[in-house]
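For reference, the chains in residue letters:
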Amino acid sequence: MNNRIRQILDQISALEDELQTAVEQQQERLHYRFEDKRISFEHAIGEAHRKARMGIFRWFLTVRPLNYLTAPIIYGMVVPLALFDLCISFYQLTCFPIYRVARVRRADYIALDHQHLAYLNIIEKVDCMYCSYAVGLLGYAQEITARTEQYFCPIKHARKMLGAHARYAHFLAYGEAEDFHAKLEEFRAELAKETDQGHKSQDGNPQDDSDKTG
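Predicted, not measured: the structure shown is a model, and the values here were computed from it.

J.: Account for the confidence of the model for the protein chain, with residues named and values stated.
T.: Put simply, the protein chain has an average pLDDT of 83, and 76% of its residues get 70 or more. With pLDDT under 50 throughout, residues 206-214 is counted as low confidence; its partners more than four residues away or in other chains account for 20 contacts.

J.: Could you give an account of the nonpolar core, naming the residues involved and the relevant values?
T.: Residues Leu81, Ile88, Val101, Tyr133, Leu137, Tyr140 and Ile144 are the most contacted members of the largest nonpolar core, which totals 15 residues. Counting residues per element, the ones that place at least two in this core are α5 (78-99) and α6 (122-152). No other element matches the eight residues that α6 contributes to this core. Those residues within four positions of Ile144 in sequence are excluded, and the remaining contacts are Ile88, Tyr91, Gln92, Phe96 and Val104.

J.: Quick one: what's the story with α5, residue by residue and with numbers?
T.: A rise of 1.5 Å per residue sets the reference length of α5, with its 22 residues, at 32 Å; its end C-alpha atoms lie 31 Å apart and thus fit the reference within 8%. Where α5 bends most, the angle comes to about 30°, and this point is Leu93, followed within four residues by the proline Pro97. For α5, the full list of buried residues reads Leu81, Asp85, Ile88, Ser89, Gln92 and Phe96. Buried residues belonging to α5 abut α6.

J.: An account of the packing of α5 against α6 is requested, with residue identities and associated values reported.
T.: Contact pair α5 / α6: the axes reach a minimum separation of 10 Å and the direction vectors enclose 30°. Taken together, the axis directions place α5 and α6 in an arrangement best described as roughly parallel. Here the hand of the crossing between α5 and α6 comes out left-handed. Residues Val78, Leu81, Ala82, Phe84, Asp85, Ile88, Ser89, Tyr91, Gln92, Phe96 and Tyr99 of α5 lie in contact with α6, whose contacting residues are Tyr130, Tyr133, Ala134, Leu137, Leu138, Tyr140, Ala141, Ile144, Arg147, Thr148, Tyr151 and Phe152.

J.: Let's hear about the packing of helix α4 (residues 65-76) against α5: which residues, and what values?
T.: α5 packs onto α4 with a crossing angle of 10° between their chain directions and a minimal axis gap of 5 Å. Overall, the two elements α4 and α5 adopt an arrangement that is roughly parallel. Note on element contacts: α5 touches α4 through Val78, Val79 and Pro80, opposite Ile74, Tyr75 and Gly76.

Cut-offs and rules
- Residues numbered from 1 in each chain as written.
- Predicted model: local features only at pLDDT ≥ 70, side-chain atom pairs only at ≥ 80, totals over all residues.
- Heavy atoms only, no water.
- pLDDT = per-residue confidence, 0-100.
- Contact = heavy atoms within 4.5 Å.
- Core = buried A, V, L, I, M, F, W, Y, C linked by side-chain atoms within 4.5 Å.
- Buried < 20%, exposed > 50% of the residue type's maximum accessible area, 1.4 Å probe, protein only.
- Helix = DSSP H or I, 4+ residues; strand = E, 2+ residues; numbered from the N terminus.
- Expected span 1.5 Å × (residues − 1).
- Bend = angle between axes of the 7 residues up to and from the residue.
- Axes fitted to C-alpha atoms, helices over the stretch in contact; angles between N-to-C directions.
- Parallel < 35°, antiparallel > 145°, perpendicular 65-115°, else oblique.
- Left-handed = near helix turned anticlockwise from the far one by under 90°.

Next up, the structure:
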């Protein structure tokens, strides 16, 4: 990796830190806080949220008729999604210890918290939780796949890739054949190092919540 690419990656990391700071500032501006894994708003804001909630009957009247026709298709996807969740979780549970790759925590990707928003009615809450699960599941699966790719084939593609995972930027350039197998072992050593660091952190906190859903 040349110095220019490393410099750009450092800039991206700095921007991510800046974004996290901005998100935390927005949290303060909206006056919500976490209490025992629940999110609570200040009383006045909570009251405003409840007043903004649309009733079920009125909500049904605002839905486009064609949306009702697609609802069975959308919610029918929960079956393949749940099966995919089971398969990808089983894969990392059985294979990652053999590869010495740290397991991905589902709770880091699947966040179910929209049910705490008082301005959503029960149907909107269910819709939001379903979307949150689906999007979070795909992010969770992408990270599992990214760690697998780093172990077996950390090589970039010849053409530009949209939506590449975070590890992709550090992969070897397409056609970079010099000392390939030695560099491959370095990538694997990095994964093993992540595993060792994870074990050390668990020694301080023996509770393993890797399979929690948020």
